[in-house]
Amino acid sequence: MKIFVVNAGSSSLKYQLIDMDNEQVLCKGLCERIGVEGSCISHKADNGGVYETETPMPTHSEAFEAVVYAMTKSDAKVIDSFDEVSAIGHRIVQGGSIFKGSCIITPEALNDIDELGALAPLHNPAHVLAIKACIKTFGTEKPQVAVFDTSFHQTMPAKAYMFPLPYKYYTDYKVRKYGAHGTSHNFVSNRCAELMGKAREDLKIITCHLGNGCSITAVDGGKCVDTSMGFTPLDGFMMGTRTGTLDPSAITYIAEKENLTPAQLNHIFNKESGILGVSGVSNDNRDVVAAAKEGNERAALALQMQRYQIIKFIGSYVAAMNGVDAVVFTGGIGENDANLRKDVCANLTYLGAFLDAERNTQRGEVKISTDDSRVALYVIPTNEELAIARDTLALVK
Ligand code: ADP
């Protein structure tokens, strides 16, 4: 059975076609600049074929048509007809408190995803556009499934997800912690339990998803009990361009000093802060590491701050779960930056967690702790697309 996995933004469309018989990616690609001049598709088949072209995509419908052409007719085609595709799985950023798991997209579910746009204005409206475009392009026969970034975090207890604000902001506006990257935390914590040869229900696992966006989750007995991202993916610890947690009075102070609107503040905290804001170099970890090596002190400070904050989050989740069996690193930085892992793990020895320096240099899925470490340390590459395809398959079966 072949599953088409869609990750749609307002002007972009990332996709993969996965053959679930062997979980092989048949092709993947990206449509960019949807709705503006210069729309283009870049498509890669597993056999090495590449199809790249500029073609008008005024809406997501034309983007899906371009994808179908790439998959079925281009030089990099991988199937004869889209009829071979059994179902479509969509990544959805915000499922609020409504969606506690993945679901088949019914008209009611689509309506709920649309209404949750109030909590994720940059994402959910784009997902709705993409789902509607799929219905237009592929009809209603082809089942569509929604897989939410938030649903894995729905098991958090109220003491973890509530903010200490007047209660009416929770009841009136649903302001609470929802978390993000849930599909990734679920995937790598599951895989961690498999690698340890134990049931996830018997383990306390801390998963560190470190990419452009970063979050850490405490998974106790297979359930998320706390996560660092909050009402939006801005919360937690510093990321490529995002602040993470701040003292709220720093926000009101800056707003008053510079006479800033909420939209301007949002831009500063989401796009101009974090590693980029402190280093002044880049949001990309590799650039900042290179600058620090050349003696740039602000770059070095940004890297130190991020490591320190990661260490503190891990420690707080050990406390929250009263122990930990494994810590997992994933995401572009978590999977690739051995020095970051070394620096973070240097402050986990109080737990009896010991990094094996040689294993830490290996690539891919690898246990990086020593054999006598009381806490297992792992690098586990995340695969959100495969997780979406698995959920889609399970629901349409
Ligand atoms: P996103 O959150 O956009 O999915 P990724 O998970 O791809 O991001 O992570 C991107 C980050 O990973 C960037 O900061 C990049 O510099 C970092 N990264 C990727 N490869 C390496 C590497 N080999 N060494 C250090 N950092 C890396």
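Nothing here was measured: the structure is a model prediction, and the numbers come from that model.

A. Just the site of the ligand, in detail. Within the structure, the ligand sits among Gly211, Asn212, Gly213, Asp284, Asn285, Arg286, Gly331, Gly332, Ile333, Asn336 and Asp337. Backbone polar atom of Ile333 to an oxygen atom of the ligand: 3.3 Å apart, as the coordinates give it. For the ligand, a nitrogen atom lies 3.4 Å from a polar atom in the side chain of Asn336. Coverage of the ligand by the protein chains reaches 67% of its 580 Å² of free accessible surface. Of all the secondary-structure elements, those providing two or more residues to the shell around the ligand are helix 10 (285-293) and helix 12 (331-336).

B. Broad picture of the nonpolar core. Membership of the largest hydrophobic core comes to 32 residues, with the highest contact counts inside it found for Ile206, Leu210, Ile216, Ile314 and Val327. Top element by residues in this core is helix 11 (residues 297-321). It accounts for seven residues. Among residues more than four places away in sequence, those in contact with Val327 are Ile206, Cys208, Ile314, Val375, Ala376, Leu377 and Tyr378. Formed by 30 residues, the second largest nonpolar core is a distinct cluster that contains Val6, Cys31, Ile34 and Met57.

C. View of the environment of Asn266. As for its placement among the helices and strands, Asn266 is situated in helix 8 (residues 262-271). Sequence separation between Asn266 and Val93 is 173 residues, and the spatial gap between their C-alpha atoms is 18 Å.

D. Main features of the pattern of salt bridges. All told, the structure shown has 12 salt bridges when counted by the stated rule. Residues Asp149 and Arg91 are paired through a salt bridge, measuring 2.5 Å at the closest nitrogen-oxygen approach. Here the residue Asp149 occupies a position in the loop between strand 8 (144-148) and helix 4 (158-161), and Arg91 occupies one in strand 6 (residues 85-92), the gap between them amounting to 58 residues. Its relative accessible area of 2% is what places Asp149 among the buried residues. For Arg91, a relative accessible area of 22% corresponds to the partly exposed category. One salt bridge in this structure joins Arg191 and Glu194, with 2.5 Å as the shortest N-O distance.

About the criteria used
- Numbers given for residues are sequential positions, taken from 1 along each chain in its written order.
- With pLDDT at 70 or above as the cut-off, local features in this predicted model cover only qualifying residues; side-chain atom pairs require 80 or more to be listed or tallied, and sums for whole chains, interfaces and linings still use all residues.
- Excluded from the side-chain calculations are hydrogens and water; all other atoms, namely the structure's heavy atoms, are used.
- Throughout, the term near means that a residue has one or more heavy atoms lying within 4 Å of the molecule or strand in question.
- Throughout this description, a polar contact denotes any pair of N or O atoms lying within 3.5 Å of each other; where both atoms belong to protein, one of them has to be capable of donating a hydrogen while the other can accept it, and for residues adjacent in sequence the pair is counted only when both atoms sit in side chains.
- Areas reported here follow the Shrake-Rupley algorithm with a probe of radius 1.4 Å; residue values treat only the protein chains shown as occluding.
- Strands are runs of DSSP state E lasting at least 2 residues, helices are runs of H or I lasting at least 4, and numbering of each runs from the N terminus.
- Here, nonpolar core means buried Ala, Val, Leu, Ile, Met, Phe, Trp, Tyr and Cys residues that are tied together by side-chain atoms lying within 4.5 Å of each other.
- Each residue gets one of three labels from its accessible area relative to the maximum for its type: buried under 20%, exposed over 50%, partly exposed in between, using a 1.4 Å probe on protein chains only.
- By definition in these notes, contact holds between two residues if any of their heavy atoms fall within 4.5 Å.
- Put simply, a salt bridge is a Lys or Arg side-chain nitrogen that is within 4 Å of an Asp or Glu carboxyl oxygen.

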